[in-house]
Amino acid sequence: MEDHVIVFSLTELQETIYIQKLGVFMCSVWESRSVFWFIVLLSEINLVCIAVDRLRAIVFSTNYKQQERQSIVGYYSVTFVYASVIAVLPIFMVTYKHPVCIHRLETQGRMEAIAFAACYIWLIAGYLVPGIIMALCYVRVICALRSIMNKKSNTLDSINGRSQASTSAHHANSSHRSIVIPVVIMWTVFLITHAYYVVYNILTVHQIIYYQSNSIERRLSIFLTVVNSACNPMILLVSSPPLRKRMNQFLLSLIKHGKPIVEDQNMSLSHGSENAKRLSQVEHQG
């Protein structure tokens, strides 16, 4: 009888240990939403890579094509590693106390140092660094485009006359807008939508407002980040004339022929960048 009791007790103990380990794992991975934030970070760093790629394509266009494959590998590597490292932060924001998973920001009284560290690291690495890098890249791109267009306009003005120079300047301005407008909109939407989550966490960690995981404010902060990641492709499509034209051609071919017509010449998603690269090459040759 005693043997049965001992075996039963050991079985219960093993089940309890297993349940606790499973609880810790689910709390750290699922309840912390680390997987969700990993995907959000992938979207963020993708925007940064787009900014860096356009900077290289327009400002440093001389060796852009030669290093295109290495650049793609570098972009993917940096995106995955950066997102993986920063996505670890939410794991430290939860603690498992059988049988519930508790967010550290929900604790009453003195806030733990790890909560302060996680919130401010996210502020810097998940918001300020991507935003500043994108801003610097796009400011440099805009300045370079203006310089290229002014030089080309002056050159054509002296060679072909004012009428042709005016026409060329109009096309250059259109190309300029097709590059600048989409990226500025995406950058602005990124700053606005992610600011809510960052500010909400900082106010909570300083106990200015009370954190509730199921509150409307908390859900709104997460919803806005999802909206940003989901809307970036649509923003790029709607605000870029070359992409709109390409999409219209794609839809018309589907309606008329039942399948998309693939042209022989591939069209880059950043068609405006191709035009800008040509302008940049003209400048270098001049």
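Residues numbered from 1 in each chain as written. Predicted model: local features only at pLDDT ≥ 70, side-chain atom pairs only at ≥ 80, totals over all residues. Heavy atoms only, no water.

An unreviewed UniProt entry annotates the chain as 7 transmembrane receptor originating from Opisthorchis viverrini. According to UniProt, the comment filed for the chain under the heading Subcellular location (unreviewed entry) is "Membrane". (UniProt positions renumbered as here; feature names shortened; annotations may be inferred.)

Thoughts on the packing of aromatic side chains
Counted under the stated rule, the structure contains seven aromatic pairs. Here Phe36 and Trp37 contribute two aromatic rings whose centre-to-centre distance is 4.8 Å and whose plane-to-plane angle is 70°, an arrangement assigned as edge-to-face. Ring centres of Trp122 and Tyr197 lie 6.1 Å apart, and the angle between their planes is 75°; this geometry places the pair in the edge-to-face category. Placement of Trp122 in helix H4 (residues 113-160) and of Tyr197 in helix H5 (residues 162-205) is noted, with a sequence separation of 75 residues between them. Here Trp122 matches Tyr197 in class, with each residue buried. Following the ring pairs from residue to residue traces out a cluster consisting of Phe36, Trp37, Trp122 and Tyr197. (Phe/Tyr/Trp six-rings, centres within 6.5 Å; stacked < 30°, edge-to-face > 60°. Helix = DSSP H or I, 4+ residues; strand = E, 2+ residues; numbered from the N terminus. Buried < 20%, exposed > 50% of the residue type's maximum accessible area, 1.4 Å probe, protein only.)

Notes on the pairing of strand S2 (residues 100-103)
With four bridges connecting them, strand S1 (residues 94-97) and S2 associate as antiparallel partners. Counted as the bridge partner of Lys97 is Val100 from S2. Between the antiparallel neighbours S1 and S2 lie two residues. (Pairing = 2+ DSSP bridges.)

Considering helix H3 (residues 68-86)
Here H3 spans 27 Å end to end across 19 residues, near enough to the 27 Å set by a 1.5 Å rise per residue. Within H3, the full set of buried residues consists of Ser71, Tyr75, Thr79, Ala83 and Ile86. Burial along H3 is one-sided: seen end-on, the buried residues are contained in an arc of 80°. Opposite the packed face of H3, turned more than 90 degrees from it, sit the exposed residues Arg69, Gln70, Tyr76, Phe80 and Val85. (Expected span 1.5 Å × (residues − 1). Arc of directions from axis to C-beta.)

Overview of the pattern of salt bridges
Scanning all chains against the criterion turns up one salt bridge. Among the salt bridges present, the one from Lys65 reaches Glu68, with a minimum N-O distance of 3.7 Å. (Salt bridge = Lys/Arg side-chain N within 4 Å of Asp/Glu carboxyl O.)

Regarding a nonpolar patch on the surface
There is a patch of nonpolar side chains on the surface, built from Ile124, Leu128, Val129, Ile132, Ile133 and Leu136 and spanning about 490 Å² of accessible area. Here Ile132 lies in helix H4. According to the relative accessible area criterion, Ile132 is partly exposed, its value standing at 48%. (Patch = residues over 30% accessible without salt bridge, like charges linked within 9 Å, V, L, I, M, F, W, Y side chains within 5 Å. Areas by Shrake-Rupley, 256 points an atom, 1.4 Å probe, with all protein chains shown as cover.)

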